2 protein chains.
Amino acid sequence: MFTIGKASEQSGVNIETIRYYERMGIVPKPGRSAGGRRLYSSNEIAKLRFVRRCRDLGFPISIIQTFLSLTEQDDRSCGEVKTLAENHLDEINAKIENLTRLREALLSLSSNCDEGTAACPMLDSLMQDGFGEDRAGQSGH
Amino acid sequence: MFTIGKASEQSGVNIETIRYYERMGIVPKPGRSAGGRRLYSSNEIAKLRFVRRCRDLGFPISIIQTFLSLTEQDDRSCGEVKTLAENHLDEINAKIENLTRLREALLSLSSNCDEGTAACPMLDSLMQDGFGEDRAGQSGH
DNA sequence: GCTTGCTCCTGTAGCCACTACAGGAACTAA
DNA sequence: TTAGTTCCTGTAGTGGCTACAGGAGCAAGC
């Protein structure tokens, strides 16, 4: 059994974040030592590592909780996982597209923008009335 | 002069968000009608629209505040703007790269994952001990 | 004049996923 | 014993909003 510091090292999850996950019920409450300190089994540490890896892949906590409950009831969970992963992939692709469009917009805006000019054409464009209302939508941030 | 509803329509900024911007000191406090309602000039609405466009471009509020103060003192602000825009572009590029790597990782993980399999190889990989610790870094989320 | 329905007001709490701190208790090593 | 480290709980802050409660103002129709 390991203290929270070791669990943090081995899982790559910040100590404060581990306690946060516990408070939120994302991972089960670990046992305690006589002095009241958390003690983690290697199984519990594996769970923490799992959560971190999923977070690194960009999954939200709510999805990760589904994953965790699927790993518990280990029969034919793969279909649901695949669906969730594919939805997440779609979101990632959408974000990449958005950012790419953003990059283009920003590039073309700042390209006219040279040092020493009196009035900045980029700020000017952004302050103008009917500029770029078609492309710069309310698409999710 | 326009009420907050009209200002919201014309600027594309949510009413609640306009009040939030005012509270935070991002835009100046507008005048009030006899009944205590906010009244916006078209100049103030232009500022709101400017903030929204910058937000659409992904700039954080802190940078937008710098932009706004640069538009006030309209002499040779372009150099600073360009630098901020370029830094922001770097961040966007980094995000795109990160997401692209994420997409690859997720694709290769879920590719082995077929419907009906008993134990999901994706969840398995993520739960294993020494998997992918080199590439899945703590890079900023 | 009165009602209906819309817009607006303030203030506060919630969202996500943490992160940071204060003030104290419990271990460990010399 | 003492010093230093790790841990504990509880609370508040981050960014950028969004949502709601409970009330007030205002315009149009009867």
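Below is a summary of the structure that appears in this document. In this text the structure is predicted, and so the values were computed from the model without any measurement.

## Here's the deal with the protein's contact with DNA strand D
At step 1: Not every one of the 19 residues close to DNA strand D is listed here, only the nearest: T3, R19, R37 and R38 of chain A together with Y21 of chain B.
At step 2: Restricting attention to atoms of DNA strand D within 4 Å of the protein, one finds that 68% of them are sugar or phosphate atoms.
At step 3: A distance of 2.9 Å separates a phosphate oxygen of DNA strand D from a polar side-chain atom of T17 of chain B.
At step 4: Take R37 of chain B: an N or O atom from its side chain is 3.2 Å from a base nitrogen of DNA strand D.

## Quick notes on the pattern of salt bridges
At step 1: Enumeration according to the criterion identifies 12 salt bridges over all chains in this entry.
At step 2: Of the charged contacts in the structure, one is a salt bridge between K47 of chain B and E72 of chain B, with a shortest N-O distance of 3.3 Å. On the criterion of sequence distance, the pair formed by K47 of chain B in helix α3 (residues 42-56) and E72 of chain B in helix α4 (residues 61-72) is long-range, its members being 25 residues apart.
At step 3: K47 of chain B gets classed as buried once you look at its relative accessible area, which sits at 16%.
At step 4: Bridged by salt links that share partners, the residues E22, R32 and R38 of chain A form one connected network.

## Side note on the protein's contact with DNA strand C
At step 1: As a structural note, the neighbourhood of DNA strand C is formed by 19 residues, with Y21 of chain A together with G5, R19, R37 and R38 of chain B the closest of them.
At step 2: Restricting the count to atoms of DNA strand C within 4 Å of the protein gives a sugar and phosphate share of 70%.
At step 3: Between DNA strand C and I61 of chain A there is a distance of 3.4 Å, counted from a phosphate oxygen to a backbone nitrogen or oxygen.
At step 4: At 2.8 Å from a phosphate oxygen of DNA strand C is found a side-chain nitrogen or oxygen belonging to T3 of chain B.
At step 5: Partitioned by chemical class, the residues of the surface near DNA strand C number 6 nonpolar, 6 polar and 7 charged.

Definitions and limits used
Residues numbered from 1 in each chain as written. Chains lettered and ligands numbered in written order. Predicted model: local features only at pLDDT ≥ 70, side-chain atom pairs only at ≥ 80, totals over all residues. Heavy atoms only, no water. Near = heavy atom within 4 Å. Polar contact = N/O pair within 3.5 Å; in protein donor to acceptor, adjacent residues only side chain to side chain. Salt bridge = Lys/Arg side-chain N within 4 Å of Asp/Glu carboxyl O. Helix = DSSP H or I, 4+ residues; strand = E, 2+ residues; numbered from the N terminus. Buried < 20%, exposed > 50% of the residue type's maximum accessible area, 1.4 Å probe, protein only. Nonpolar A, V, L, I, M, F, W, Y, C, P; charged D, E, K, R; others polar.

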